[in-house]
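# Coordinates in review
Read off the chains here:
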2 protein chains.
Amino acid sequence: MATPAEISRHPRMHGGSANGRHSSVRWVRDMLAASIRAGHLPESAQLAEDALVSELGASRGTVRLALRSLADEGLLVRRPRLGTIVHARHARLEIADTVDRSWQGPEISLQIIDQRTVPATAFLRSRLETEDRSVRLLDVLFRRRGEVIGIRTAYFSRDVTYDFGEYTGPISMASLSASHFRTPMTTVVTEVTAAAADARTSVLLGITENSPVLCRTQVFAGADGHPLQVSFDQYRSDRASFVTEPLGLASDPPVVADRTATR
Amino acid sequence: MATPAEISRHPRMHGGSANGRHSSVRWVRDMLAASIRAGHLPESAQLAEDALVSELGASRGTVRLALRSLADEGLLVRRPRLGTIVHARHARLEIADTVDRSWQGPEISLQIIDQRTVPATAFLRSRLETEDRSVRLLDVLFRRRGEVIGIRTAYFSRDVTYDFGEYTGPISMASLSASHFRTPMTTVVTEVTAAAADARTSVLLGITENSPVLCRTQVFAGADGHPLQVSFDQYRSDRASFVTEPLGLASDPPVVADRTATR
């Protein structure tokens, strides 16, 4: 007979289910997407429904819905005779930078597509710690293997000019900025969110309007701590993700938390 | 007369424009979204089109398209007599954790909605460094001010049981896990991407199907470096973003990059 402690630990006592299957499309989709990004399902691998049903412990219907969803999002390609195959591997970019960890070499290139002087908004003046009434705007495309995977709008002082048209090579901000700013950029604060691509952006990125894009806002600072650049990135979510090095977790003060049983 | 150096620096020489306006909907939308998240446009602030046109240096049409897009995504609320107002501030979560930097106090709560034992996929066995054939799955909702802002699916050893139903308090993984794992979690590797919400997830999150969601895959490890948990998060992109502490930028080897002029 189960002890009271065992009973209280039974999942059904906590709003859970004891059913041992992956029954949610989200579970299956998350698992497949992560496996593709990590290379567990390698580029051009053909996915067999039977094997996935068994590996994932999910119903055929759930697997099919997940595959369709991943194909709609561009992680998989469905071809008449070939079946469902894994699309080219993601660029796994450093959260703070544009360095692709999953590839050695200068695979990513930059191309300037617009630059102009625009009014400095309150947000930009605050982030750049400047009273200037106008700033420089630069639009850059990121390409990987020639395909556009992202776009950046960078704002910085009018004194700075980026004077290349296309750039291929080591593209970390530390190296790229050395020739354009008086002091190299050494630190960055990043905020990441998601959005739906607007009409013009979707054309630039080669995706359908309202597709999910991965957005990144960054403030770059020099060695003296003074901010040098604010930038806004939008990446194709089927082509790029942001990864971190191992980070330490926040430790809270040792407060006793409120717990509410929900029986 | 301009010198050759000045001419070569003129933006029109580099595919750019000398037009001094924010003419792209993406530029205006990015700027407004960042201003809202950072509190420069505070919660419940009413947005006046005239002021935005002047502040942003954009046409009225561009501002209107950007506002409509932000309203569609839930960052703004449009009300008949009130006009366009800023929705409640984002939760700005630490990239590695669920701690909300923009708010002091236990504003975020957790609720377990499902748990079960499922087959361990190759991806999970690799990430958890285990040969176990099955693992524990736990589904948790994140609420902020009562509203669901995200959902997490966590996978870990069958030996571990999360035995709360609802939890309010310090919710960093470091503190939360102490009572559930034998060793506290101390480090995490995170990958962030975006996706479109599937049907069931959109119902759980209270958004329309295919809305963009911010996704996070994390591997948590204990003090000895052994992985303890893999989790998949999906957050409403209109309610949460991930922020980093200042990070150092990667420094490349001092290679001379290829530069291609595109005249």
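What you see is a predicted model, and the numbers here were worked out from it, not measured in a lab.

### Comments concerning the relation of the copies chain B and chain A
Aligned on chain A, chain B shows an RMSD of 0.0 Å; the corresponding rotation is 180° and the shift along the axis is 0.0 Å. Seen this way, the second copy is the image of the first under a two-fold rotation axis. Considering only C-alpha atoms, the residue of chain B closest to the rotation axis is Pro-212 of chain B, which sits at 2.5 Å. Most of the interface of chain B is mirrored in chain A, where 100% of its interface residues are also at the interface.

### Some remarks on the domain arrangement of chain A
It is common to report an interface's size as the accessible area lost on association of the parts. Residue and element names in this part refer to chain A. Entries for chain A in the domain assignment read domain 1 (25-86) and domain 2 (91-243). Tallying the contact residues gives six residues for domain 1 and five residues for domain 2. Regarding the contact of domain 1 and domain 2, the summed buried area is about 450 Å², with carbon and sulfur atoms giving 41% of it. In this structure, the connection of domain 1 to domain 2 is made through one salt bridge. Taking the shortest distance from any N to any O, the salt bridge between Glu-43 and Arg-145 comes out at 3.1 Å. Along the contact surface separating domain 1 from domain 2 lie two residue pairs in polar contact (both at pLDDT 80 or more). Tallied by class, the residues present in the side of domain 1 that touches domain 2 amount to two nonpolar, one polar and three charged.

### What about the UniProt feature "domain: HTH gntR-type" (unreviewed entry) in chain A?
As annotated by UniProt and renumbered to match this structure, "domain: HTH gntR-type" (unreviewed entry) occupies residues 22-89 of chain A. Within the segment residues 22-89 of chain A, helix and strand shares are 50% and 15% respectively, and the terminal C-alpha atoms sit 25 Å apart.

### Points about the interface of chain B and chain A
Contacts between the two partners involve 112 residues from chain B, matched on the other side by 112 residues from chain A. Together, the buried faces of chain B and chain A total about 9,400 Å²; carbon and sulfur atoms form 52% of this surface. Three residues stand out in chain B for area buried against chain A, namely Arg-26, Glu-191 and Leu-249 of chain B, and they jointly supply 8% of the buried area on that side. Taking the shortest distance from any N to any O, the salt bridge between Glu-191 of chain B and Arg-37 of chain A comes out at 3.2 Å. Taken together, the links from chain B to chain A amount to 49 residue pairs in polar contact (both at pLDDT 80 or more). Among the elements that take part in the side of chain B that touches chain A, strand β9 (residues 185-196) of chain B stands out by supplying twelve residues, more than any other. For the side of chain B that touches chain A, a count of residues per class yields 48 nonpolar, 39 polar and 25 charged. Judged from the two bridges that link them, strand β13 (residues 247-248) of chain A and β9 of chain B form a sheet pairing that is antiparallel. Bridging from a neighbouring strand, Gly-248 of chain A pairs with Thr-187 of chain B of β9 of chain B.

Rules of the game
- Residues numbered from 1 in each chain as written.
- Chains lettered and ligands numbered in written order.
- Predicted model: local features only at pLDDT ≥ 70, side-chain atom pairs only at ≥ 80, totals over all residues.
- Heavy atoms only, no water.
- Least-squares fit on C-alpha atoms with pLDDT ≥ 70 in both.
- Contact = heavy atoms within 4.5 Å.
- Domains from an automatic or database assignment.
- Buried area = accessible area lost by both parts, 1.4 Å probe.
- Salt bridge = Lys/Arg side-chain N within 4 Å of Asp/Glu carboxyl O.
- Polar contact = N/O pair within 3.5 Å; in protein donor to acceptor, adjacent residues only side chain to side chain.
- Nonpolar A, V, L, I, M, F, W, Y, C, P; charged D, E, K, R; others polar.
- UniProt positions renumbered as here; feature names shortened; annotations may be inferred.
- Helix = DSSP H or I, 4+ residues; strand = E, 2+ residues; numbered from the N terminus.
- Pairing = 2+ DSSP bridges.

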